[in-house]
Amino acid sequence: MLKIYMLLTTVMLIWGLNLPLVKYLVGFMDPVTMTSFRILLAGITVFAILTPLKLVRKPTKQEWLYIMGGALLNVVLHHYFMSVGLSRTSATNTGLILGMGPVLTAIFTALLLRNNPSKIQWIGAAIGFAGIGSVVLAGGDGVSGLALGDAFIFFSILAQVLSFMIIAKAARTLDPRLLTAYMLVVGSFLLMLISFVQEPGQIEGFASLPPRFWIAFAASGMIGTAVGHMLYNYSVGKVGPAKAAIFMNLNTLFGLLGSAIFLGEVITGRHLVGFLFIIVGVILGSGAAEELRKRKLNHESTTKEPG
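Conventions used here
Residues numbered from 1 in each chain as written. Predicted model: local features only at pLDDT ≥ 70, side-chain atom pairs only at ≥ 80, totals over all residues. Heavy atoms only, no water. Helix = DSSP H or I, 4+ residues; strand = E, 2+ residues; numbered from the N terminus. Expected span 1.5 Å × (residues − 1). Buried < 20%, exposed > 50% of the residue type's maximum accessible area, 1.4 Å probe, protein only. Bend = angle between axes of the 7 residues up to and from the residue. pLDDT = per-residue confidence, 0-100. Contact = heavy atoms within 4.5 Å. Phe/Tyr/Trp six-rings, centres within 6.5 Å; stacked < 30°, edge-to-face > 60°. Salt bridge = Lys/Arg side-chain N within 4 Å of Asp/Glu carboxyl O. 1 Å grid on protein atoms, 1.4 Å probe; cavity = no way out; pocket = protein on both sides within 12 Å on 5 of 7 lines; lining within 4 Å. Points joined across faces, edges and corners; volume = space filled by probe spheres on them. Nonpolar A, V, L, I, M, F, W, Y, C, P; charged D, E, K, R; others polar. Polar contact = N/O pair within 3.5 Å; in protein donor to acceptor, adjacent residues only side chain to side chain.

**Observations regarding helix α5 (residues 101-112)**
The terminal C-alpha atoms of α5, which comprises twelve residues, lie 16 Å apart, in line with the 16 Å expected from a rise of 1.5 Å per residue. Summarising burial for α5: nine of the twelve residues are buried, a large majority. Among the residues making up α5, those that are buried are G101, P102, V103, L104, T105, A106, I107, T109 and A110.

Written out as structure tokens, the structure reads:
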């Protein structure tokens, strides 16, 4: 289990540093076109990694349903809203809003399993959303300014969280790493179709982009997306979506640091307040606080028993 936790920590570092990279990339061209090709590169990369390991096989009809559902949520909707949102808000706000991933995962896991969340979990969700509100207002332009981009980022993490439910079910028969490869390739082509309608003529812009763009593009696609998603989805198949999602707190931390270091974005007092609210919301909403309380009570009752 320790190896999985170390793996998840590494993934959060990769994803956190990938945020400023994607923010940098959307400054060169329209977001959906760039994202569709970045995701295609990621899918090809995962297949290239899995082929020598002899993990590539043809999915069954049932597995194709999981692949299509995962591609729609985890790739098309998640990356569409992420890329468009990043073009309208800061990477700092994005990192903080993504910090709601754990509490959303815990809530949806409980609801979809027909195991209603406790009052403490609902309180945690409310506190976490209050933290998001603080992040939105930190932009200085209020609801009419950065709020639209922030909303897109929230929809992005919501779509990803819902996809974790599909990945957890698919992992019973299909290796999550292979599932990731198929999802990325299928999702990239769906994103391309959207880009042809929403951003016509953008593909021609690739010819005039500077070398630094291609370095960032390769790093984001092959490491940030390919390796990051492959390892995370593998971890979800091993420990479940709720436990894996708790580590997304580190994504927020690494995202904030990366945005400040590489993009020079300023972390304000409201950002810090939002971060604290989100952390408290995650601790309560994920059930971690209740689990620690139960362990403490069990320990106290054990120590009080006569020897």
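Having put the structure on the table, let's press on.
**Regarding the environment of M82**
By the secondary structure assignment, M82 is in helix α3 (residues 61-86). The class of M82 is buried, set by a relative accessible area of 9%. With 70 residues separating them along the chain, M82 and F152 place their C-alpha atoms 6.6 Å apart.

**Quick word on helix α9 (residues 211-239)**
Each turn of an α-helix holds 3.6 residues, which means side chains three or four residues apart point in the same direction. Taking 1.5 Å of rise per residue, 29 residues should cover 42 Å, and α9 covers 40 Å from first to last C-alpha, within 8% of that figure. Within α9, the axis deviates most sharply at S220, by approximately 30°. Once α9 ends, the next one or two residues include G240, with phi positive near 90°.

**Topic: the confidence of the model for the chain**
Averaged over the chain, the pLDDT score is 83; the fraction of residues at 70 or greater is 86%. Under a pLDDT of 50 for its full length, residues 140-145 has, in the predicted model, three contacts with residues more than four places off or in other chains.

**Considering the packing of aromatic side chains**
For the structure on display, the rule yields 17 aromatic pairs. A ring pair is formed by F206 and W214, whose centres lie 5.7 Å apart and whose planes are at 35°; its orientation type is tilted. Since its relative accessible area comes to 11%, F206 is described here as buried. Grouped by ring-pair contacts, the aromatic residues Y24, F28, F37, F206, F213, W214 and F217 constitute a single cluster.

**A short note on unusual backbone geometry**
Despite not being glycine, K54 has its phi angle at roughly 55°, a positive value. Considering the arrangement of structural elements, one finds K54 in the loop between α2 (31-50) and α3. Look at K54 and you get exposed, because its relative accessible area is 76%.

**Side note on the pattern of salt bridges**
Throughout the structure, instances matching the rule amount to two salt bridges. The shortest N-O distance in the salt bridge between R57 and E63 comes to 2.8 Å. The exposure class of R57 is partly exposed, given its relative accessible area of 34%. One salt bridge in this structure joins D175 and R177, with 2.8 Å as the shortest N-O distance. Among the residues examined, D175 registers a relative accessible area of 23% and is labelled partly exposed. On the basis of relative accessible area, R177 is assigned to the partly exposed category, the value being 22%.

**Re empty space enclosed by the protein**
For the structure on display, the rule yields one cavity of 30 Å³ or more. Considering only enclosed or pocket space, the largest cavity measures out at about 190 Å³ in volume. Forming the boundary of the largest cavity are 17 residues, of which W15, N18, L19, H78 and M82 lie nearest the centre. Elements with a minimum of two residues in the lining of the largest cavity: α1 (2-25), α3, α7 (147-170), α9 and α11 (248-262). Split by residue class, the lining of the largest cavity holds eight nonpolar, eight polar and one charged.

**Description of the side chain of T225**
Position of T225 relative to the elements: it lies in helix α9. Taking relative accessible area as the criterion, T225 reaches 0% and is therefore assigned buried. Only 2.6 Å separates the side chain of T225 from the side chain of R38, close enough to count as a polar contact. The contacts of T225, once residues within four sequence positions are left out, are N18, R38, I39, A42, H79, L184, S220 and M230.

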